Structures are given as structure tokens and as C-alpha cells.
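Residue-level listing of the chains:
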Amino acid sequence: MKRKLSLVLVVTMVLSLALTGCGGNQPQAPAAPAAPEEIKIGSVFPITGAIATFGQSSLNGTQLAFEEINNAGGVLGGRKLVLINEDNQSKTEETATAFQKLITQDEVVAILGSVASSHSLAGAPIAQEAGIPMLSPTSTNPRVTQVGDFIFRACFIDPFQGQVMAKFALETLGVTTAAMLVEQDSDYSKGLAAYFKKAFEAGGGTIVAEEGYKSTDTDFSAILTRVKAANPAVVFVPAYYGTVGPILRQAQELEIDAVFLGGDGWDSDKLFELAGDAANGGFFSNHYSPDAGTPEVEAFLAAYQAKFNAVPDALAALAYDAAYMLAQAIEEAGSVDGVAIRDALAAINFTGVSGNVTFDENRNPVKSAVIIEIRDGRQVYKATVNP
Amino acid sequence: MTITQQILQQLINGISLGSVYALIALGYTMVYGIIKLINFAHGEIFMIGAFVGFFAITKLGMSFFPAMFTAMIFCAILGILMERLAYKPLRNAHRVAALMTAVGLSMLFQNLALAHSWIGASAKGFPQVFPLQRFQLMENVNISNDRILTLAVAVFLMIALQFIVHKTIMGKAMRAVSLDKDAARLMGINVDKTISFTFALGSSLAAAAGVLFALNYGIVVYQMGLLPGLKAFVAAVLGGIGIIPGAMVGGLLLGVTESAVSAAGGSMFRDAVAFAALIIMLLVKPTGLFGKNVREKV
């Protein structure tokens, strides 16, 4: 009797393995082929996990753009854009799966995403090999577009961003010593730190301390004590808000008397939730500021506020621009063929919320950056830096 | 900042980290002592305690200590339930079966937390309940009020535990059951009740550790119990698994070692060092620092 029971259990378990292929993020029947009036665009934005606010903002921006485009008549003579988002849960391993599913199962014509450079690097080879154009709104690590000629981005790249903060520290803040806290399992953080270091040292500064940590760490007091001992004037923390928050908080506990600087990974409301008032007095580089005042920004602010009842961050602005760029490229290409869209994107001249975009030979835009100051628990526009 | 000041500050960092590990390690060691089971789900009790404390403060508006107390009671009950439903039926089964159940429970709790609509995958900020106050022990050596509180509560709970174990009837029963379960039963001790009590005690300590951890680092997230749980297990083994003072010393030792490694510049190796210490201890003195070599007399 016992033997029969264990046999039944074993067989059941083996059979259940066959079911593991099904499912995935959203259980759904195989995607229906697109109706002729629809164009399917895929996106890989993290709605959950470490950078959830980034993904949610990106999704909001894209949805708003698609809604406006469709209401204005769509593209290619009245065809509507349909967005299919896959949540990669802020994980690199899930990103590859998401890309595969969008390309093979949903048969999208282009992919918007992903948000983080590490994730885009995982998805880009898949899009490149399938000949599907990929447009990342926010991945700033230069290696992303180096994957191939189908890979584009809508934002500036880290060599420029590192330079922006280095120059800000050297010229505006007038300091000569800096420390860096680098997140070792993030391509974005390592890349941005390296570029900051290069520009800072080239401008006559010295990096007095460079400490590494992992994204799963919660206790930073040991490395912060080392940073404090090196006595830097500024501390550069090029990471995402989820780790920057606790770092700032613990730095305040240790009474570290330096100005904290960061990159566009700081751009989240959650930073204030995690850091409290420890965030005040910090500066970070970003892609756009709601205070910019241009007609595109004003219109975008009004529309976003009406739909989502919130002030859009740079993630939303860039995703909005990326969506419009893709629509314009499809229109100019005259078809949904991957090669045609790619060629149209490469030659595009586009002006949006985050500025004017034309691509260089590496499919990277040449754009300005803004520097944001954190004062009284809010983001305040400080300066614009042109390339 | 002089070398002395650096060393002192890193020592303080290490001790406050170690006190959290010690509280969690106590749960591991007590459960092992009494039923020879490594309760791998203990790290998740820590996580659940932190979330209960978080919701008690944010949704029910409690102040810190009532919230911590609520978390301790909730997890004590959860610990008893866990023991009754998952471990008791396996008391006479092969030890591996209970171990596997523990691992399975750990995964279950983590994924339940992940799937729960109140929790989910994103981290939440634990409110700064006490406005930050720094105390300067000497120049450049600071300790914040949160850390002092953590240390104070941890020490208080450890002293309370020692009192319970050595000065109360229930504690005597616990010691008896861990020495020889069947003999204890013959002496009239209610073994089931004692084991449940042990689980309740260990789980409430883990819950307290969870709330203190959340207060200190300002974050609660569904997988926060994984690494501290594993490290507390290492701490318990380092001090001698089954021996209560061993868990306390092991926890503090581990915290200080981690800080020392980071202080020396090896912050990327801090986790590796903890597990390397485990391997070395098991090779050199498997019974731990406080352990005695108990030879079985035939």
C-alpha cells in the first residue's frame, strides 16, 4: 500500500514538472494575432521589486503617450498602438524571459525597455537576434547600445552623467576630495562610478575612499565609518533609491559631514520614505525637471497630473518621450517591419519633454542633464548642464 | 579620525549588529537544544515579526514598544502553531524529514509574504519612530539612540531569558526535556507543552529582533529574514548549538567579525567570512565555543 502511494506521488510530481512550462507572470492563453487595426508594442518595466517606482512611472508615461497617440488617430493611417507590459520584478533573470515571451508569444513589433542597465543588457541580445527594435527609455550604461544596431535608448549615457556630477562637485561646490560607494552587482552603479572617478581626477580632484557593497546589504555602518575616516568633502553614491535611502540614513547617524551626490537612480519619492530628512542637502543628476517650464513639459505635466494625480518623475518623462519616438519612427518608416523601424529611429529628429533627441553613430542621444537639489524633502531644480 | 576612534566606532557597529544576530540565534539554539531540529523557518519569523511591528505602527497607530510587544505575541503564537502543525507529527520520524519541513516552511513563509497584497516584493520604509539623536562617546565616535535602544532591549531580553531558563519551573522543564526527553516524561513533565513553550519563547525573541532591525535600518522587505537568519544560525553553531550563552556570544562575535572585515576593506567578503567561520568551526571544534564533547557511554 505504501509503495503504491509513493509511486502515485512520484508520478504526480513528474507530471507536474510538465506543467511548469505553463504560466509565467500572467497566466493567459496564447496571444491572439493582432487585428489589422492594432500594432502591438511590448514593454519590460518592473512593477514590483527593488526599482518598482521606476517601472510604474515608466509604465504610466508610456500608457499616457499611447492614449494620446491613439486618440489623435493612431499611426500608419489609423492603426492603434497596443501596449503589452511584462513585469520583470526588478530581476535580471526575469528580464530575459520577459523579452522572449514578448517576441515569440506576443509577436510585438518593437520593445520599450528595460529600465535598469543590467536588465537591458540581459534583454538586448534577444531583441537584437530577433531583429526587433528595442528602445530603452532610461538605461544609461553605454554597453547597452553596443549590443547591436537594433538597440536604442532615449536618455544620455553614463560617461556624460559621471562627468556632469564630477564637474558640479569640482566647479560649483568647489571641492577636491570625494569618496564613492559603489553597488557591485549593478552595471549602472559600477559604470557611473568609474566615469565620475575619471572626470573628477582629470579635473584635479582625489578619490579618497572607494567602498563596495551588495544590493542585498542593509548594514552600511562599517563602510560608512571607513568613508568618514577618509574625510571626503563629497560622497558619490551612484545607486538606486532602495539602497541610497538606507545609506543616507546611516550616514546621518554616523554624522558624516559631507555633501552626498548621486545619479538618476535617486529619482523616486520612495527615497524620502527610506531616508527621511537625511536626504536633504543632497544633489543628483537627472534627465528632466518638472520646473523646466518649456511648453512640452507644461503640457505633459498637466496631462500626467490629470490621469495619475501625481507629478511625473524623469522615468515617466523619458518613457513618454520614448513612446512618442517609437510612434514617430513607425510613421516615418511607413511599416511595422523591424528593419524599417530601426532605420527610421536611427535617422530621427525628435523634440520631447526631456529635450531634443538625435542619435549619434552608437544610437545614443546627445542630451542635456539637469541637477536636482533635495531641500526640505522635495526635489528642487538647480541647474542645467549641456553636453 | 584616528585609528583608535575608527576601531571603537567599528566595534560599536559590530556590537549593535551582533546583538540582533544574538537575539535570532537564541531561538535557533533553544529549539535545537530541545528537539534537535534546526528550525530554518526561524529567519522568516524574524521577517514576519518585523512586518507585524511595521503594520502595528503604521496601520494601528501604536507606539514602538506596544508594537514590538504585539509582534512578539503574534510570532509566539505563530511559533506554537508551526510546531504543532509541522514539527510535532515528525517528532519520531527521521531527522532529515523535519529538516526538510523546516526548509519548506521557510520558503512557504517567504512566498506567502511575497504574494500578500499588504507586503509584496517592494521594500517599505520603517518609520523613524524616535527622532534621531546622536550621542558622542568621544570625538568622531557616535552611537545613535536607535542603536542604544537595540542594545538595551537585546540585553534585557537575554537577561530575562536566562532568568526564565534558570529560575522558573518552565525553564527547569525546558532544561530537563533537552537533557533527556523520555526521562523528563517519566518525571511527570508535560513534554508537549514544554516544547511549545520553547518555540513560543524563541519566536518572540526573533520577532523582537525583527522589529529592532527594522527600526535600525529603516527597511522591511519580504526576503529580509534570509541572510540574517542564516548568519544567526552560524552564530548559534559558533557558540555551541543548544547552549544559550553560546548563542549570545556567537551572535556578538559574528557581528564584530563582520564589522572588522568591512573595516579592513573587505566589505564585499563580509558574508563569505561568516560562512567560512562556520566551516572552520565545524572542522576544528564542531560542538562550538561553549560546547563540550559528550561521549556516549554504552
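Residues numbered from 1 in each chain as written. Chains lettered and ligands numbered in written order. Predicted model: local features only at pLDDT ≥ 70, side-chain atom pairs only at ≥ 80, totals over all residues.

1. Thoughts on the overall build of chain A
From N to C terminus, chain A includes twelve helices and 14 strands. If you line up chain A on its principal axes, its C-alpha atoms span 70 × 65 × 40 Å. Counting only residues that meet the buried cut, chain A has 56% of its 387 residues in that class. (Helix = DSSP H or I, 4+ residues; strand = E, 2+ residues; numbered from the N terminus. Buried ≥ 20, exposed ≤ 12 C-beta atoms within 10 Å, placed from the backbone.)

2. Some points on the sheet that holds strand β3 (residues 110-113) of chain A
Residues and elements named next belong to chain A. As summarised here, the arrangement of the five strands in space is β2-β1-β3-β4-β5, forming an open sheet in which the pairing is parallel. The strands lining the two open edges of the sheet, one partner per strand, are β2 (80-86) and β5 (151-153). Across this sheet, the average inter-strand angle for adjacent strands is 25°, counted without regard to direction. Of the pairings in the sheet, the one linking β3 to strand β4 (residues 134-136) comprises two bridges and is parallel in character. Within β4, the position partnered with I111 by the bridge is M134. In the packing of helix α4 (residues 117-130) onto the sheet, contacts are made with β1 (38-44), β3, β4 and β5, and the angle to β4 comes to roughly 160°. (Pairing = 2+ DSSP bridges. Axes fitted to C-alpha atoms, helices over the stretch in contact; angles between N-to-C directions. Contact = placed C-beta atoms within 7 Å.)

3. A closer look at the domain arrangement of chain A
Residues and elements named next belong to chain A. For chain A, the assigned domains read domain 1 (38-156 + 293-368) and domain 2 (159-286). Contact with domain 1, which involves 15 residues of that partner, is made by 16 residues of domain 2. For the side of domain 1 that touches domain 2, the secondary structure elements donating two or more residues are α2 (52-71), α4 and α11 (314-333). A breakdown of the residues in the side of domain 1 that touches domain 2 according to their chemical character gives nine nonpolar, five polar and one charged. (Domains from an automatic or database assignment. Nonpolar A, V, L, I, M, F, W, Y, C, P; charged D, E, K, R; others polar.)

4. Focus: the packing of helix α7 (residues 221-230) of chain A against helix α1 (residues 3-35) of chain B
One can describe the packing of α7(A) onto α1(B) by two numbers: an axis separation of 9 Å at closest approach and a directional angle of 165°. Our classification of the angle between α7(A) and α1(B) gives roughly antiparallel. Between α7(A) and α1(B) the crossing geometry is right-handed. Residue-level inspection shows S221(A), A222(A), T225(A) and A229(A) of α7(A) in contact with α1(B), the latter providing Q6(B), Q9(B), Q10(B) and N13(B). Counted by class, the contact of α7(A) with α1(B) contains two nonpolar, six polar and no charged residues. (Parallel < 35°, antiparallel > 145°, perpendicular 65-115°, else oblique. Left-handed = near helix turned anticlockwise from the far one by under 90°.)

5. What to know about the interface of chain A and chain B
With 29 residues of chain A at the interface, the matching set in chain B holds 25 residues. Counting only elements with at least two residues in the side of chain A that touches chain B, the list comes to β7 (206-213), α7, α8 (241-253) and α9 (270-275) of chain A. Tallying contributions element by element places α7(A) first for the side of chain A that touches chain B, with seven residues. Broken down by class, the residue content of the side of chain A that touches chain B amounts to eight nonpolar, 13 polar and eight charged.

6. A word on the pairing of strand β10 (residues 283-286) of chain A
All names here are of chain A. What you see with β10 is no split at all: F283 and S285 on one side and F284 and N286 on the other are buried throughout. Of the pairings in the sheet, the one linking strand β9 (residues 259-262) to β10 comprises two bridges and is parallel in character. Following the sheet pairing, L261 is matched in β10 by F283. The parallel pair β9 and β10, bridged by α9, forms a crossover whose chirality is right-handed. (Right-handed = clockwise from strand over helix to strand, strands pointing away.)

7. Overview of the sheet that holds strand β13 (residues 369-375) of chain A
Residue and element names in this part refer to chain A. Strand order across the open sheet formed by seven strands is β7-β6-β8-β9-β10-β13-β14, with mixed pairing between neighbours. In this open sheet, the two edge strands, each paired with only one partner strand, are β7 and β14 (378-385). Put simply, the sheet's adjacent strands are angled 25° from each other on average, direction ignored. Across the face of the sheet, helix α6 (residues 187-202) comes into contact with β6 (177-183), β7 and β8 (234-236) while running at roughly 165° to β6.

8. Considerations on helix α10 (residues 244-263) of chain B
In an α-helix, one turn spans 3.6 residues; hence positions three or four apart end up facing the same way. Residues and elements named next belong to chain B. The terminal C-alpha atoms of α10 lie 29 Å apart, and with 20 residues this matches the ideal 28 Å at 1.5 Å per residue to within 8%. Across the 20 residues of α10, 16 count as buried, placing the element largely inside the fold. Count one or two residues on from α10 and you reach G265, which has phi positive near 105°. (Expected span 1.5 Å × (residues − 1).)

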